[in-house]
Every structure is written in C-alpha cells, then in structure tokens.
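# Topology and contacts: notes
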Amino acid sequence: MSSPGGPAAGAPAPSARAPAPGGRAASAPLLGHDEEPTLFELSVPGRRSASFRTTGVPEWSAEELVPAEELRPEPPALAEVSERDLVAHLTRLSHRQYSVDLGAYPLGSCTMKYNPKLCDEAAALPGFTNVHPATPASHAQGWLALLWSLADALCRVTGMDAATLQPPAGAAGELTGLLIMRAWHRSQGRSPGKILIPDSAHGTNPASVSLAGYETVSVPSDERGLVSPEAVRRHLSPDVAGIMLTNPNTLGLFEEHIAEVAGLVHDAGGLLYYDGANLNAIMGVTKPAAMGFDIVHLNLHKTFAVPHGGGGPGAGPVAVTARLAEFLPGPVVARADDGTFYWDGPARSIGRTHGWHGNALALVRAWAYILSNGSDGLRRVSEVAVLNANWLLARLRGTYTVPFDRRAMHEVVVSTKDAPGAAGALRALDVGKRLLDKGFHAPTIYFPLVVPEALMIEPTETESPQTVAALADALVEIAREGPEVAAGAPHATPVGRADEARAARRLVLTWDAVGPA
Amino acid sequence: MAHFVPHTEEEVARMLADLGLSSTEELFSSVPAALRLAGGLDLPPGLAEADVAAEMARLAGANAGDGLVCFAGGGAYDHDIPAVTRSLAGRSEFVTSYTPYQPEVAQGVLQALFEYQTLVSHLAGLPVANASVYDGATAVVEAVNLAMAATGRRSVWVSEGLNPRWRRVLSTFTAGRAPELVEVPLVGGTTRWGRAGGPGEGGQGVPPAALVVASPNYLGCIDPLGAARAAATEAGALLVVAFDPVSAGLLRTPGQQGADVAVAEGQPFGTPMAFGGPYLGMMAVAQDHVRRVPGRLVGRTVDSAGRAAYVTTLRAREQDIRREKASSNICTNQTLVAITAMVQLAWLGTGGLRELALRCARGTRYLREGILGLPGVEPMAAAPVVREFAVTLPVAPEAVVERMADEGFLAGLPVEAGGRQGLLVAVTEKRTRAEMDAYLVALEKVLS
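Residues numbered from 1 in each chain as written. Chains lettered and ligands numbered in written order. Predicted model: local features only at pLDDT ≥ 70, side-chain atom pairs only at ≥ 80, totals over all residues. Heavy atoms only, no water.

It is worth spelling out the overall build of chain A at this point. Within chain A, the secondary structure is distributed over 15 helices and 12 strands. Computed over the C-alpha atoms, the radius of gyration of chain A is 26 Å, within 12% of the 24 Å expected from 2.2 N^0.38 for a compact globule of 517 residues. Viewed in the frame of its principal axes, chain A has a C-alpha envelope of about 70 × 65 × 40 Å. For chain A, buried positions account for 68% of its 517 residues. Across chain A, every contact between residues at least 6 apart in sequence was considered, and the portion connecting residues at least 24 apart equals 70%. When the accessible surface of chain A is split by element, carbon and sulfur atoms take 52% of a total near 15900 Å². Between the mean site of the 42 positive side-chain charges and the mean site of the 53 negative ones, chain A shows a separation of 3 Å. (Helix = DSSP H or I, 4+ residues; strand = E, 2+ residues; numbered from the N terminus. Rg over C-alpha atoms; globule rule 2.2 N^0.38 Å. Buried < 20%, exposed > 50% of the residue type's maximum accessible area, 1.4 Å probe, protein only. Contact = heavy atoms within 4.5 Å. Areas by Shrake-Rupley, 256 points an atom, 1.4 Å probe, with all protein chains shown as cover. Lys, Arg positive; Asp, Glu negative; His and termini not counted. Charge placed at Lys NZ, Arg CZ, Asp CG, Glu CD.)

Another point: the packing of helix α5 (residues 107–124) of chain B against helix α10 (residues 335–372) of chain B. All names here are of chain B. One way to put it is that α5 packs onto α10 with a least axis distance of 9 Å and a crossing angle of 50°. Relative to α10, α5 is oriented oblique. α10 is crossed by α5, and the crossing has left-handed handedness. The residues of α10 that touch α5, namely those facing Val109, Ala112, Leu113, Glu115, Tyr116, Leu119 and Leu123, are Thr335, Ala338, Ile339, Ala341, Met342, Leu345 and Leu353. A class-by-class count of the residues in the contact of α5 with α10 yields 12 nonpolar, 1 polar and 1 charged. (Axes fitted to C-alpha atoms, helices over the stretch in contact; angles between N-to-C directions. Parallel < 35°, antiparallel > 145°, perpendicular 65-115°, else oblique. Left-handed = near helix turned anticlockwise from the far one by under 90°. Nonpolar A, V, L, I, M, F, W, Y, C, P; charged D, E, K, R; others polar.)

Residues and elements named next belong to chain A. Spatially, 3 strands are ordered β10-β12-β11 in an open sheet, and the strand pairing comes out antiparallel. Two strands in the sheet have a free side with no partner beyond their single neighbour: β10 (412–415) and β11 (444–445). Pairing analysis gives 4 bridges linking β10 to strand β12 (residues 454–457), with the strands arranged antiparallel. Pairing of Val413 across the sheet is with Met456, part of β12. (Pairing = 2+ DSSP bridges.)

Across the contact, 193 residues belong to chain B and 211 residues belong to chain A. Taking both partners together, chain B and chain A bury about 16900 Å²; carbon and sulfur atoms supply 64% of that area. Connecting chain B to chain A are 6 salt bridges. Inspection of the chain B/chain A interface yields 93 residue pairs in polar contact (both at pLDDT 80 or more). At 26 residues, α10(B) tops the list of elements feeding residues into the side of chain B that touches chain A. Of the residues assigned to the side of chain B that touches chain A, the class counts are 101 nonpolar, 52 polar and 40 charged. (Buried area = accessible area lost by both parts, 1.4 Å probe. Salt bridge = Lys/Arg side-chain N within 4 Å of Asp/Glu carboxyl O. Polar contact = N/O pair within 3.5 Å; in protein donor to acceptor, adjacent residues only side chain to side chain.)

So, about the packing of aromatic side chains. For the coordinates displayed, the defined rule picks out 14 aromatic pairs over all chains. The interplanar angle of 65° and the centroid separation of 5.4 Å between the aromatic rings of A:Tyr98 and A:Tyr105 together place this pair among those described as edge-to-face. Comparing A:Tyr98 with A:Tyr105 shows no difference in burial state: the two are buried. With a centroid separation of 5.0 Å and an interplanar angle of 15°, the aromatic rings of A:Trp143 and B:Phe275 are classed as stacked. Of this pair, A:Trp143 sits in helix α5 (residues 141–158) while B:Phe275 is found in the loop between β9 (261–265) and β10 (281–285), placing the two residues in two different chains. Classification of A:Trp143 as buried rests on a relative accessible area of 0%. An aromatic cluster is defined as three or more aromatic residues linked by ring pairs; in this entry it consists of A:Tyr114, A:Phe304, A:Tyr369 and B:Phe4. The lysine or arginine in question, B:Arg365, covers the ring of A:Trp60, its NZ or CZ lying 4.8 Å from the ring centre. (Phe/Tyr/Trp six-rings, centres within 6.5 Å; stacked < 30°, edge-to-face > 60°. Lys NZ or Arg CZ within 6 Å of the ring centre and 35° of its normal.)

Spatial relationships are all this shows, so hold off on functional conclusions.
Right, dumping it as structure tokens:
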C-alpha cells in the first residue's frame, strides 16, 4: 500500500501533508488496477477551483462579522485541488464502480432495474429544483399537483385510500407505518406490545419494530417456505399489535394463505403491515388491499425505477386504508373543489417523519415513471419480472439446489449447499465474487437467513432474455469450474478480494487515520 | 407507451413455452384467484417519452417558486451550484449503483464516501463521520438514539433553538421508545440551560441522556456551546450539536467545543432546494461512540494484492445483522447526496469554504441592517447571527410571505419563539446588493 505523504501521528490536517503529488490527471490507464490517490493526496496548498459571483455587497471582514470568541482562526482543512484534477479523480473513481447503466445487477430484493433517463431529466427541471420547500402553496401548485397525483397513483396500485410521501426510505416508511399502527391501537384504547414477523423477513423489519417500541415475535416459515395460518394462530394473542409481511416473501414465493392470515390477525384485533420491497412482482395482478393489508410502504427506488445512487437516496411512501388516514404524517396535499391544491394536516397525525416533504426529486422520478408505464405498462413490468425469474430458475435447476421449488415470483433463491451441478463444495460468497469476473454484479448472498448458502437472484424485467441467459450460463459455468477457481475470485476487478477483517480490526475511517506507509 | 421492457412478444411466448406455460396469467398461479384483479390497475395507459416530458415540464412550469428571489432558509438554502458538481454527481456510475455490498466492484462509491467522511469529520471537528443519514432532522433522531443507548437514560433536553420541524420529527420517530423530551427555552436568542436536575427553573429532575443544541440556531443566533457543554457535563449527558456546515468556515467547530455528536443538514453543498429533498444528514461522533454510529461506515483496508481498498466496516452494528437489537433501522441512506457534497466541498476547498461563509455573513448583515431600518421592524433576538436572522414585523408573517411572493420574492419563513411571531430571513452568497435593495423596497410597500 502506498500512501505518499502519509502523516506523522498527531498531524491530522491533510493540507499540511507534504509533499502532495498534486494533479496526475492524465496518467491513469482506463479501468486500471492502480490505486486511485485520495482527494487529499491530490491536494496542493493554495490551489483552488471555487469562484463567487459579483454581488456588490460590502466586504466586511470576518472580525467585523463574528465575535472574536466564536471565530476560528483558520477554516477547516478540506482539499485544495484544481477543477480539472477533481474531474479526473471522480471520473477515475466512476470507472471503478459497477452500475445498472453498465450491466445486469441481479441483487435479490433490491430490484435493480434500468432507470430511465427521461426521469433524470424531469428531476433536473429548474421548475422543480429551484423551489424552496417553504414556498407558499399558491406559488408551488406544480409541486403540490405532482405530490397529490403520485399519492393517488400509489393508492391505486396498492388499493389503499391515503398516503404520505414523507418517509425518505423504506426503513423510515416501516417505522412510520408501525407508529401509525401504534397510534391506531391507542385510539382504540389498547396498547399491545408485540409484532409478528416471519423468520425470512428483511433485517429492517425487526429493527423498525424495536424502534417503534414493540417486541418482535418471529414466526417460522413452513416446509414450503411460507407463513402458515397455523403458525400465525399459535403466536397470536391480545398482546399482538399486528404482523409485518412481504408478499411475495423474501424467498420469492407468494404467501398463498395471506387472506386467511389476514382474517386471523384482524379477528385478534391486529393490523397487517405490507413491506413493499417486492411489489415489483404483483402490479396489476393483485393489490395489498385485496390481500387484507392495512398499511403499506413502497420502495420507490425499487419498484418505480428511482436510481439507488450508490446506496440512496430512495423514497418510502406509506399508504393506508381509510380508517388509518387520520394518523398519517402531515401535512399531506389535498385538492380543493376548484382544482387547486393545498396542505392539510391529518386530524390525529403521528407528526412529521421528514424535515420537509420527503425526498421530493425521487418522487418526481417515480411520477415520470408511472406516467410512462401507465396501467398496461406496470402490469407488463410485473409479468416480465416474474417471467425472467422463472426462466432463470429453470436454467439453474439441476446445477444449484432449489430449496423451495415452486412457482417463483420476481426473484429466486437457490443454494450452493449440496448443489448437484457443482464440482465440489461451493460457497455462496465465492460464487458471488466469481460472477464479478464474468461481468455481472453478484446476487444477494446469505439472505434470506432461512436458506443456508443462499443466492438470491432478481433479474428484473429490464434485462433481455439474452442477458438472463448469459447470467444463467455464467452461474452454471461457475459451478462447473468448482470451488478452487471461485475461492480466488475476483481477478478482473479494480481490486481483488478486500480484507474486511483488517478493516474492522484496524479502523481507518478518515484520511487522517491512515498510518505511515 | 414507453418501452422499458425489452422483450418482444415472440420472446415472451418462447420463454413461456420453455416453462410449459401458455400465457403470462399462468405465471401467477400461486396468487389465489380470489385475490387477482379483474380489470387491471385503475390508471391511464402509459405515455410516450415526449408526452411525459411535456407533462413534467407543465408541472415544473406551474411552480412560480422558480422565479422567486429566495431569502428563505430554515434548513434549505439557495446556494450557487457549479457545473462541475452537477456534472460529476450526475455520472451514472454513481447514480445507478446500489449500496456497495461487493467492494471489489464498488471502489468508486466507497472511496468517494471515505473522502466524504474525512471532510465531514473536519467540518465537525470530530474524528468519526458516517456515510450519511437521510437529512438533518433524522440525524438528530439518530443522535438521540445513540445517546440513549450510550447512557441508558431516557430523557433528552432539547433547545427551543433547534429547527421546529426537526423537533417534530424527533418527537415522532422516538415516540415508540417514549423518551421524555424536555424543551429548554431561548432567552435573547440563546438557550437558557438550567442546573443539573432540570432545565431552566423548576427542572424535571430526570438525568438526561443528551442535551441537543443548535448553533447557529433557528433564529440564526450563535448559541454559545461552552454553556451547553458545561450543562451537559454537569448532567452527565452527551452533548449533541446541530451545526451549520457553511458557517463552519468561520465558526469554531462543535468538536473543538466539546460536542460528543455533531449533526448537520448537508444540502447547502451542491444540492438544490428541490422542495425539500433529497437532502443530506451529516453525522460525526467522538471516538468513544464509533461502535454506536448508525448507518454505514467506510473503512480503508487492503486487497489480496496489498493495494488500498475500501469496504463498509463494523457491519455488525447494522440492522441486517443485528435485526431487533439494532439501535437504528437505516439501510438506504443518501449516498449520492453525500458524494455531491464531497465534490462541492472539494471544489470550494479550504479557502473557498471560508469565503462562502464570509459572503453569507456579509449579505446577512447588509440585509438585516436594511430591514431593521424599516418602521415597525424589531429583531427577535439580540445574540449575534451569521447567515440568517429573525425579525418581528407589524404585519402577520404569513401574509407578508404571501404578498412578497406576488412581488417576486420568497421573503423568508414565518417563525415563532418565546410566544412571538416573526420572519426568519436567510442570505446566501447568491444574493446581490441589488436584489436586497429591491427586497427592501418591496417589503416596505408590503408592510405599509
């Protein structure tokens, strides 16, 4: 590892490091395996990019503006780079990054579909971007109309009656939904303390349950990979506030007994929460409301093609049935008789779940996507997502173990454990790493937890049959190559397998913490 | 209709045949018939790209906000965004990638986040920063959750100077754990911390997990952190500071003044106001709390060939591993906005941040002096301000905002403190003297 100019202990200011190599913009081979220097190594004291507009404002000094005891003598050390070097640095970094625009990204449960460029352009319109969130409704009718229309469309897709667009991500949506559940129970004079969650659930579910002040009760999946009414009945009690389910579940299977489960939970005084992570499988086919759900969160960054941005931002709107609408976070947009839009506060709102109105530009992208697809297009999305997954499964059967071999929905879970087509004992981790060499992103691995050595694969509807076939071929080839080849992978990536144990043992979370070379 | 699904009808038919099926309906055989929709979705049919673009342009054009000269802040600021920031943050490798679960093909995002963490650490004056949370409001929630986990206490003293919407988010998202949130009043624009045993006079007697203070606060005032630190120490509590990362170019850092956790809204660095999101929750902590930090942390390590490599680390803190024992449920965060801020901070550079802060402070002083010269206008607080200030007006603030919008200005935000209504006004480096002079003329007219 080279770290030129690595600091002596106790010398944290990057700009104080010497010698800084400065710009080496033109020297990096395309998609090279060389280390990319950090911003701080590219820094040269005194170099700058920023310029500021002419304003005519009097040029008072810092000392005239800030009390001496509050003023810091030197600004915090950032970086000092030329714009040209900054562009080269970020461009080189981008070349060390896999993305949907580059190729298939079959991460199960993440719905890494193609993100239409049209949506990018819509979200960049100055009429959206240059609007302060406190602009009076009278001067932001376009924004309010968009928010109202999107909430309405999400209700139509889910069968719900009202929605909030505030939660900025799926997990925030989960917590919001659970707090609505809590508020509803209180309004009924009850304070049950438990939430049922299947053992195949996403980790955010139990974490959200704890934050909402509930206790998680894990419901085991049956031998078919489903939540059985019997199991739910066994765990129901007056102390159960509700159940959180993903349907199709994280095994990619439709919970066939959902209507019966819903009846049991409702009869026991509980509510049903729908984790919308897998909504991409069912649009236009069925709706959470038809299954008996009361509260739904949607991941617009999955189903509705909002790009994931390397980990975010997303958007996690929450939609509810009519009896829960008064508890939604507020304000929400309402439409007056004259067709104008205004902010309205639900009567018994649980409060705000975002500093403003949610991840608004993500909502713009989702609305452009929904307009593009319409009713026919959204149904087509789900049909082909399910078709691609089943067609992929057919090509993997016989090579990998299929723990629950039934009609798949939008994703499939296979296992390397006792894989019939593998030349030796393969690990899921190694299969994922080897797939990187073959030009694909890895599937989700070791999830759901109920399947050992799981590979959770979600091709999505935007990958062509040719791409799905190539992905299947690559996975079959990896199994045939056997564990020795896979164990050393990846080889074709900008870095080889990263030492994660060392990262945790010797924490280096900032450039200041990088020790001498 | 747009065509984002590539399959031809022939391909679909062939794939179905491969599966022994004759229609797409049969793909859904596991969905009970009683649950299937008879008539499809109740939405209009899909539109062609050009039609969608036209509708989006119509909606965007229906926002007069685009044409308003902005003097509103309160957590969202109208800063200039250079072309380089828009261009680099818009690179599709960053835009269309997922959470970096496979570090070998995610070094771009991971290294950018490592550099972001370093920059946030320097702004906050604390050694550890995470890879982002949703926004400033939820950063406060995470800080409070961290403090409750660290101390085992369930009371929190929150300054009245903290953004009121953030306080509402804090009270919403902590409702499940029901901490006692005690509001500590502002007096003259700064927080009146009481003695240990309770804030202000007649305290609550429950020892707090944290004191939460904003500086500059919601009235724009610098709230002395020395007093907050002393009160926190006396109470045995963590000090959580919400700071303004732009003013950080001029002001002493939260870390230098004893903050255990520092949070900020990172929107001012390259992210448009965009009706409130996506924004950026910046969060930094003292070394003691590194294992309690919510969300992702990027660490630097080496690969199998000994080259520098970046990974997400201390993963055992996170929800997908700790599940119901996790102290945060965050998964998706604001990575792209963090990368945007990284680029913007690099473009600004050390000297540029200072100049940015200085220019905001100069504009703020110029406009504040002008407004205070208008009849019937009084300052809401006497304490020094840097980039924002609050005044009381002889006319209701909501009405002033509405009428000023008709004059072409977003005049500010209605604000309330200590039972008094006022207008919160922000000035960024983007505002010219001519715009401010015109604002004063319009405001005088509206107030008269």
